[in-house]
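Topology and contacts: notes
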Amino acid sequence: MSADQTPSDSTPVALRINGQSVVLRSPRDSALLYALRDELSLTGTHYGCGANQCGACHVLVDGKAVASCDTPLWAVAGKSVVTIEGLGSAEQPHPLQQAFLEEQAGQCGYCLSGILISAAALLDHNPDPDEAQIRTALQGNLCRCGAHNRMLRAVRLAAQRMREGGPHAEPQGGAA
Ligand code: FES
Ligand code: FES
């Protein structure tokens, strides 16, 4: 840890969130999850376990899915964070969001933002994953509703569309 990352330091943390430059003023040792929800009102990222065990709070940090409940602000200074709000929107959904809707791959939906983020990280580096690779990528995401098989189908559908460059194949800029 470098000197400018001292957790007790109250210096604001500058980073990019969903493509925008942001300065967070929450304590540097507080979890990214709380700053997203409480300081920025980005409430699509959910609290599940608070202990890096369920995946409900996953966000992308420099393209990698991480548990925002277990990530202090100082650790994301200068980095690029993408939340579910940056992945897509109702008007312009990410291919994964569109495929999850079409496959009805959610029931209560509580886990879905974290699952979509983990799936997006997977497709970013592996555009044609097989079922085993999708299962491995999502193994850190728990879902109590039992929609797993539909989620697998949805990820494969989205991957196919992204490879083919068809309708809904372009994610929003914030996901880069
Ligand atoms: S709330 Fe972060 S992993 Fe469960
Ligand atoms: S859809 Fe309900 S927890 Fe996953």
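Everything discussed here concerns the structure shown above.
On a predicted model such as this, the values are computed, not experimentally measured, just so you know.

Below, the discussion takes up the overall build of the protein. Looking only at helices and strands, one finds six helices and five strands in the protein. The secondary structure elements of the protein, listed N-terminal to C-terminal, are β-β-α-β-β-β-α-α-α-α-α. Counting all 176 residues of the protein, 41% fall into the buried class. In the protein, the proportion of contacts linking residues at least 24 apart, taken out of those at least 6 apart, comes to 64%.

Helix α6 (residues 148-164) packs onto helix α3 (residues 95-102) with a crossing angle of 135 degrees between their chain directions and a minimal axis gap of 8 Å. As far as their axial angle goes, α6 and α3 are oblique. At the point where α3 passes α6, the crossing takes the right-handed sense. Contacts between α3 and α6 involve Pro95, Leu96, Ala99 and Phe100 from the former and Ala154, Val155, Leu157, Ala158, Arg161 and Met162 from the latter. For the contact of α3 with α6, the residue count by class is nine nonpolar, no polar and one charged.

What follows is about the pairing of strand β3 (residues 58-61). Sheet topology places β3 next to strand β4 (residues 64-67); four bridges connect them, and they run antiparallel. By the bridge assignment for β4, Val61 is matched with Lys64. Hairpin connection of β3 to β4: two residues between the antiparallel strands, including Asp62 at a positive phi of 50 degrees. Across two bridges, the pairing between β3 and strand β5 (residues 80-82) is antiparallel. The residue of β5 that forms the bridge with Leu60 is Val82.

The mixed open sheet is built from five strands, whose spatial order is β2-β1-β5-β3-β4. Two strands lie at the open edges of the sheet, namely β2 (20-24) and β4, each paired on one side alone. Adjacent strand axes in the sheet meet at a mean angle of 40 degrees when their direction is disregarded. When strand β1 (residues 13-17) meets β2, the two strands line up antiparallel, connected through five bridges. Note on β2: the bridge partner recorded for Leu15 is Val22. Lying over the sheet, helix α4 (residues 112-125) contacts β3 and β4, oriented at roughly 30 degrees with respect to β3.

Parameters at a glance
Residues numbered from 1 in each chain as written. Chains lettered and ligands numbered in written order. Predicted model: local features only at pLDDT ≥ 70, side-chain atom pairs only at ≥ 80, totals over all residues. Helix = DSSP H or I, 4+ residues; strand = E, 2+ residues; numbered from the N terminus. Buried ≥ 20, exposed ≤ 12 C-beta atoms within 10 Å, placed from the backbone. Contact = placed C-beta atoms within 7 Å. Axes fitted to C-alpha atoms, helices over the stretch in contact; angles between N-to-C directions. Parallel < 35°, antiparallel > 145°, perpendicular 65-115°, else oblique. Left-handed = near helix turned anticlockwise from the far one by under 90°. Nonpolar A, V, L, I, M, F, W, Y, C, P; charged D, E, K, R; others polar. Pairing = 2+ DSSP bridges.

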